[in-house]
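One letter stands for each residue in the lines below.
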Amino acid sequence: MPQQPPARRPEIQLGRFTAELATVVASARRRALRDGDRQIDTAHLLHSLIESDPEVGAAFEGGPPQLARVLGYLVQRSIGYGLRWRGSVEDSGTLNAVRDPEAAAGWSPAAAAAMDGAWERAERRGDQRARGLDLLAVIASDPESRAAEVLRRAGVDPLALTGRIGELSQQV
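Residues numbered from 1 in each chain as written. Predicted model: local features only at pLDDT ≥ 70, side-chain atom pairs only at ≥ 80, totals over all residues. Heavy atoms only, no water.

Draft legend 1. Region of the structure containing the overall build of the protein chain. Of regular secondary structure, the protein chain possesses 8 helices and 0 strands. When the helices and strands of the protein chain are placed in sequence order, the string is α-α-α-α-α-α-α-α. Taking all 172 residues of the protein chain together, the buried fraction comes to 49%. Per element, the accessible surface of the protein chain, about 8,800 Å² overall, is 53% carbon and sulfur. (Helix = DSSP H or I, 4+ residues; strand = E, 2+ residues; numbered from the N terminus. Buried < 20%, exposed > 50% of the residue type's maximum accessible area, 1.4 Å probe, protein only. Areas by Shrake-Rupley, 256 points an atom, 1.4 Å probe, with all protein chains shown as cover.)

Written out as structure tokens, the structure is:
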């Protein structure tokens, strides 16, 4: 029997993101592997953003108590809350298609589209690299994403969060 070539594992182009956002992606990847998930989804990204990016934490109007509630829901993912997501693919269908589907291996369609959307948001602002706030704005604005579901369950209005991110982005 002939040997199969190793599977190609292209990645999201991390060069388009700040070092902080690349760290978030690495953390989300580790979290997905640890949780036994086949793909990084928007909830993995949200969890890593909150834990790793102080700019993201500042976007939550409720401050530390609100962040703690969101993290509480995200932590429950591995012990029950997110079990209904296991084995399913997050594809909200509300974001534009990913520019390079092959580069999105290991990502849910919604998470890959969010990464593209973060870069597009930075590009519109005239920046060369996307930041954590760009990614948070995109995943919060997708009402069908797992991240938006977690935010709503934790008492955070994703649309209000997106508006606050817009205000913070103008200040930078």
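Draft legend 2. Seen up close, the packing of helix α5 (residues 109-125) against helix α6 (residues 132-141). Between α5 and α6, the shortest axis-to-axis distance is 8 Å and the interhelical angle comes to 120°. Looking at the two axes, α5 sits oblique to α6. Here α5 runs over α6; the crossing is right-handed. Mapping the contact onto sequence places A114, M115, G117, A118, R121, A122 and R125 in α5 and L133, D134, L135, A137, V138 and I139 in α6. (Axes fitted to C-alpha atoms, helices over the stretch in contact; angles between N-to-C directions. Parallel < 35°, antiparallel > 145°, perpendicular 65-115°, else oblique. Left-handed = near helix turned anticlockwise from the far one by under 90°. Contact = heavy atoms within 4.5 Å.)

Draft legend 3. Up close: the packing of helix α4 (residues 63-76) against helix α7 (residues 146-153). Their axes nearest at 9 Å, the elements α4 and α7 cross at an angle of 125°. Here α4 lies oblique to α7, going by the angle between them. You can see that α4 and α7 cross each other, and the crossing is right-handed. On α7, the residues that touch V70, Y73 and L74 of α4 are V150, L151 and R153.

Draft legend 4. The arrangement of the pattern of salt bridges in detail. A full pass over the atoms with the stated rule returns 9 salt bridges. The shortest N-O distance in the salt bridge between R153 and E149 comes to 3.4 Å. Within this pair, R153 and its partner E149 are both found in helix α7, separated by 4 residues, close to a single helical turn. One connected set of salt bridges, linked through shared partners, spans R121, R125, D127 and D134. (Salt bridge = Lys/Arg side-chain N within 4 Å of Asp/Glu carboxyl O.)

Draft legend 5. Quick peek at the environment of R30. Positionally, R30 belongs in helix α1 (residues 19-35). R30 sits 14 residues away from H44 along the chain, and the two C-alpha atoms are 9.2 Å apart.

Draft legend 6. Layout of α5. For α5, built from 17 residues, the straight-helix expectation of 24 Å at 1.5 Å per residue is met to within 8% by its first-to-last C-alpha distance of 24 Å. Of all the 17 residues making up α5, 12 are buried; the element is thus mostly covered by neighbouring parts of the structure. Directly after α5, the chain includes G126, whose backbone phi takes a positive value near 95°. (Expected span 1.5 Å × (residues − 1).)

Draft legend 7. Structural view of the nonpolar core. Counting 42 residues, the largest nonpolar core has L46, F60, V70, L135, L136 and L161 as its most contacted members. At the level of secondary structure, the elements contributing two or more residues to this core comprise α1, α2 (42-52), α4, α5, α6, α7 and α8 (158-171). Those residues within four positions of L161 in sequence are excluded, and the remaining contacts are A59, F60, L136, A140, L151 and V156. (Core = buried A, V, L, I, M, F, W, Y, C linked by side-chain atoms within 4.5 Å.)

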